[in-house]
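The chain contents come next:
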Amino acid sequence: MSVSSLIGLTLQQLRDEVVALGHKPFVAKQLAQWLYQRRETDPARMTNLPRELRKKLAEQPLLTSTVITTEDSGEGTTKLAVRLHDGTIIECVLMEEDGEDGSPRLTACISTQAGCAMGCRFCASGVLGLKRHLSPGEILEQFYHIDQVLKRKGLPWLTNVVVMGMGEPLHNFDNLMQALTVLNADWGFGVGARRITVSTVGLPDKIRELASQGFQFNLAISLHATSDEQRTRLIPTNVATGLKNIIDAAADYFRQTRREVTFEYTLVGGENDSAADAGRLAALLRDFPRANVNLIPMNPVEGSGLKAPGTESVEEFSRALRAAGVNVHVRRKRGRSVQAACGQLRLRLEQSS
Ligand code: SAH
């Protein structure tokens, strides 16, 4: 057994490991409790495990990644840059908000790839292309680092998870599913599926595959445009997928899971933020049972040649959508000072190293 690959294993896989080491199968349940529910990374503290197993676990660090910077915006956003075992840098974010009932809403935003192959023009994650997929363990290790921040701040465990960090989650489908299985399971991290949101650039086949997995994850689709010509200009992968196909796949996702789908729309000044766009967007989503749109004013990325929308146009756009019966949420600009837009912190770190 390579101890460093334990995180990310399902209960059954942990069982196989402990049995192979000569321990009773029930030990796996205790191990999962320490690893996932308590996020304990010091085997010496796993007091109910057999001594031999503790010794084995202590042979090398349980976590393969380390935090290299922690930047607290002071306005509820803490961004971590994490170095993986091979030097690759990824990032994850903790967001603190007040929930509807006054209790804290603590959301982790996690990455699934180092870099990204999708090449969206407004996004910093794709600037250097895709470096590699993250393993299930690497995806999950981000929660250990975020948990340290929560503990330092005296905050409870996460209430929500959004897979909206670096990378295209559905492009790393199998590793994503393995990680989310552990994240969601009772024997795992125990985060309810309805509290987990997967955000995708819109890969129709993969959206349908996700729907068929039997989980009730929330789906967010990065639409960002109202015509194929416009979308292909912003999102190169649209050549192969097309708007209509994506919206159909989203409708299928809703039919199969009964989970509402959210459409993300990054407003880019002079590109997709006109009154005509708002009208077209409402029309595109007309047949959707309940259309939720998250408007994200673009966070300018150096060298993209694209600019943020004016405050006026954000307001007009959201007003027009609401008038058309769309459920609109404008994402507050947060964490700009800590470069919380996707991939920006990592890009700065990679470019300065
Ligand atoms: N690959 C996934 C996750 C990406 S990040 C996806 O495409 O959904 C989550 C959201 O942030 C996406 O909607 C993405 O398009 C958006 N985004 C990326 N860079 C941005 C920027 N500079 N300003 C505003 N939104 C951005």
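The notes below deal with the structure included here.

About the thresholds
- Residues numbered from 1 in each chain as written.
- Predicted model: local features only at pLDDT ≥ 70, side-chain atom pairs only at ≥ 80, totals over all residues.
- Heavy atoms only, no water.
- Buried < 20%, exposed > 50% of the residue type's maximum accessible area, 1.4 Å probe, protein only.
- Helix = DSSP H or I, 4+ residues; strand = E, 2+ residues; numbered from the N terminus.
- Pairing = 2+ DSSP bridges.
- Near = heavy atom within 4 Å.
- Polar contact = N/O pair within 3.5 Å; in protein donor to acceptor, adjacent residues only side chain to side chain.
- Areas by Shrake-Rupley, 256 points an atom, 1.4 Å probe, with all protein chains shown as cover.
- Nonpolar A, V, L, I, M, F, W, Y, C, P; charged D, E, K, R; others polar.
- Lys, Arg positive; Asp, Glu negative; His and termini not counted.
- Salt bridge = Lys/Arg side-chain N within 4 Å of Asp/Glu carboxyl O.
- Contact = heavy atoms within 4.5 Å.
- Axes fitted to C-alpha atoms, helices over the stretch in contact; angles between N-to-C directions.
- Parallel < 35°, antiparallel > 145°, perpendicular 65-115°, else oblique.
- Left-handed = near helix turned anticlockwise from the far one by under 90°.
- Core = buried A, V, L, I, M, F, W, Y, C linked by side-chain atoms within 4.5 Å.
- Domains from an automatic or database assignment.

Counted residue by residue, strand 9 (residues 218-222) has five buried out of five residues, so it is predominantly covered. Side-chain alternation along strand 9 places Asn218, Ala220 and Ser222 on one buried face and Leu219 and Ile221 on a second face that is also buried. Of the pairings in the sheet, the one linking strand 8 (residues 196-200) to strand 9 comprises four bridges and is parallel in character. The residue bridging serine 199 from the neighbouring strand is alanine 220, located in strand 9. Bridge count for strand 9 against strand 10 (residues 261-267) is four bridges, and the pairing is parallel. Among the inter-strand pairings, serine 222 is bridged to a residue of strand 10, identified as glutamate 264.

Attention shifts here to the site of the ligand. Neighbouring the ligand are 20 residues; Phe122, Ser199, Ser222, His224 and Asn299 lie closest to it. Within the backbone of glycine 167, a nitrogen or oxygen atom sits 3.0 Å from a nitrogen atom of the ligand. Contact distances for the ligand include 2.9 Å between a nitrogen atom and a side-chain N or O atom of glutamate 168. Protein chains bury 94% of the 540 Å² of accessible surface belonging to the ligand in isolation. Sorting the residues of the shell around the ligand by element identifies strand 8 and strand 10 as the ones contributing at least two each. The residue inventory of the shell around the ligand, partitioned by class, reads nine nonpolar, nine polar and two charged.

The subject of this paragraph is the side chain of arginine 231. Along the chain, arginine 231 turns up in helix 7 (residues 228-234). Lacking a salt bridge, the buried arginine 231 has aspartate 228 as its closest oppositely charged neighbour, with an N-O distance of 6.4 Å. Only 2.7 Å separates the side chain of arginine 231 from the side chain of asparagine 238, close enough to count as a polar contact. In contact with arginine 231, other than residues within four places in its own chain, are Val201, Ser222, Leu223, Ala225, Asn238, Thr241, Leu243 and Ile246.

At a minimum axis distance of 8 Å, the contact between helix 4 (residues 136-152) and helix 5 (residues 173-184) shows a crossing angle of 40°. The orientation of helix 4 relative to helix 5 falls into the category oblique. Seen along the crossing, helix 4 lies across helix 5 with a hand that is right-handed. Contacts from Pro136, Ile139, Leu140 and Phe143 in helix 4 reach Asn175, Leu176, Gln178, Ala179, Val182 and Leu183 in helix 5.

Of all hydrophobic cores here, the largest spans 98 residues; its most connected members are Leu35, Tyr36 and Phe263. Ranked by residues supplied to this core, first place goes to helix 9 (residues 243-257) with eight residues. Viewed by domain, this core spans two of them, domain 1 (3-57) and domain 2 (66-352), each represented by three or more residues. The contacts of tyrosine 36, once residues within four sequence positions are left out, are Leu6, Ile7, Gly8, Leu9, Leu14, Tyr144, Val182, Trp187, Gly188 and Phe189. Of all hydrophobic cores here, the second largest spans six residues; its members include Val93, Met95, Cys109 and Met164.

So, about unusual backbone geometry. For histidine 224, which is not glycine, the phi torsion reads 65° and is therefore positive. With respect to the helices, strands and loops of the structure, histidine 224 is situated in the loop between strand 9 and helix 7. Classification of histidine 224 by relative accessible area gives buried; the value is 4%. Here the phi dihedral of arginine 258 falls at roughly 65°; this positive angle occurs in a residue that is not glycine. Positionally, arginine 258 belongs in the loop between helix 9 and strand 10.

Turning our attention to the pattern of salt bridges. If you walk through the whole model with that rule in mind, you get 19 salt bridges. We note a salt bridge from arginine 105 to glutamate 97, for which the minimum N-O separation is 3.8 Å. Here glutamate 209 and lysine 206 are joined by a salt bridge, their closest N and O atoms 3.4 Å apart. With glutamate 209 and lysine 206 both in helix 6 (residues 204-211) and three residues apart, the pair spans about one turn of that helix. By sharing partners, the salt bridges in this structure join Arg39, Asp147 and Lys151 into a single network.

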